[in-house]
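Secondary and tertiary structure notes
What follows is the residue order along each chain.
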Amino acid sequence: AVAATELPWGTKLNSEMVKMVPFLKGSLPDGYMGEIEAVTGRVLIVPLKPSELILETKLAPDDVTAGGVSA
């Protein structure tokens, strides 16, 4: 899963903000997200550029449900 557009930190992700692109399995880093559902509702803790991989390390913990400074 990658960012569909430029996304600022604190953004709560929805399915319109994310797209799936093909990658070679061996080239994916640890913590990659393989499904849009895995990132829907998650909050970014870093800004993302268009087509940038969404990694677990770029997301707030699952229990953070609001964006902004609280994330």
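The preceding data block contains the structure.
All of the points below concern the structure found in this document. (Residues numbered from 1 in each chain as written. Predicted model: local features only at pLDDT ≥ 70, side-chain atom pairs only at ≥ 80, totals over all residues. Heavy atoms only, no water.)

Quick word on the overall build of the protein chain
Cut-off, in case you're wondering: Under the scheme used here, helices are H or I runs from DSSP no shorter than 4 residues and strands are E runs no shorter than 2 residues, and both carry numbers assigned from the N terminus. With the radius of gyration taken over C-alpha atoms, the globule rule is written as 2.2 Å times the number of residues to the power 0.38.
Assigned secondary structure in the protein chain consists of one helix and two strands. Starting at the N terminus and walking to the C terminus, you meet the elements of the protein chain as β-β-α. Its C-alpha atoms give the protein chain a radius of gyration of 11 Å, near enough to 11 Å, the size a compact globule of 71 residues would have. Along the longest, intermediate and shortest principal axes, the C-alpha atoms of the protein chain span 35 × 20 × 20 Å.

Let's talk about the side chain of K58
Quick note on the threshold: Partly exposed describes any residue whose relative accessible area lies between the buried limit of under 20% and the exposed limit of over 50%, with all areas from a 1.4 Å probe on protein chains only and scaled to the type maximum. Whenever two N or O atoms come within 3.5 Å, that pair is a polar contact, provided that in protein one can donate a hydrogen and the other can accept it, and provided that, for residues adjacent in sequence, both atoms are side-chain atoms. Contact criterion: two residues are considered in contact whenever any of their non-hydrogen atoms come within 4.5 Å of each other.
You can see K58 is positioned in the segment after α1 (36-39). A relative accessible area of 16% places K58 in the buried class. Engagement of the side chain of K58 in a polar contact is seen with the side chain of E52, the distance being 2.6 Å. Once residues within four sequence positions are removed from consideration, K58 is found in contact with V43, L44, I45, V46, L48, E52 and L53.

Topic: the pattern of salt bridges
Here is the rule we go by: Between Lys or Arg on one side and Asp or Glu on the other, a salt bridge is scored when a side-chain nitrogen of the former is within 4 Å of a carboxyl oxygen of the latter.
Taken as a whole, this structure holds four salt bridges when the rule is applied. Where E6 meets K49, a salt bridge forms, and the shortest distance between an N and an O atom there is 3.9 Å. Of the two residues, E6 sits in the loop between β1 (2-3) and β2 (18-19) while K49 sits in the segment after α1, which places them 43 residues apart along the sequence. For the salt bridge of E52 with K58, the shortest nitrogen-to-oxygen distance reads 2.6 Å. Through salt bridges with shared partners, one network takes in R42, E56 and D62.

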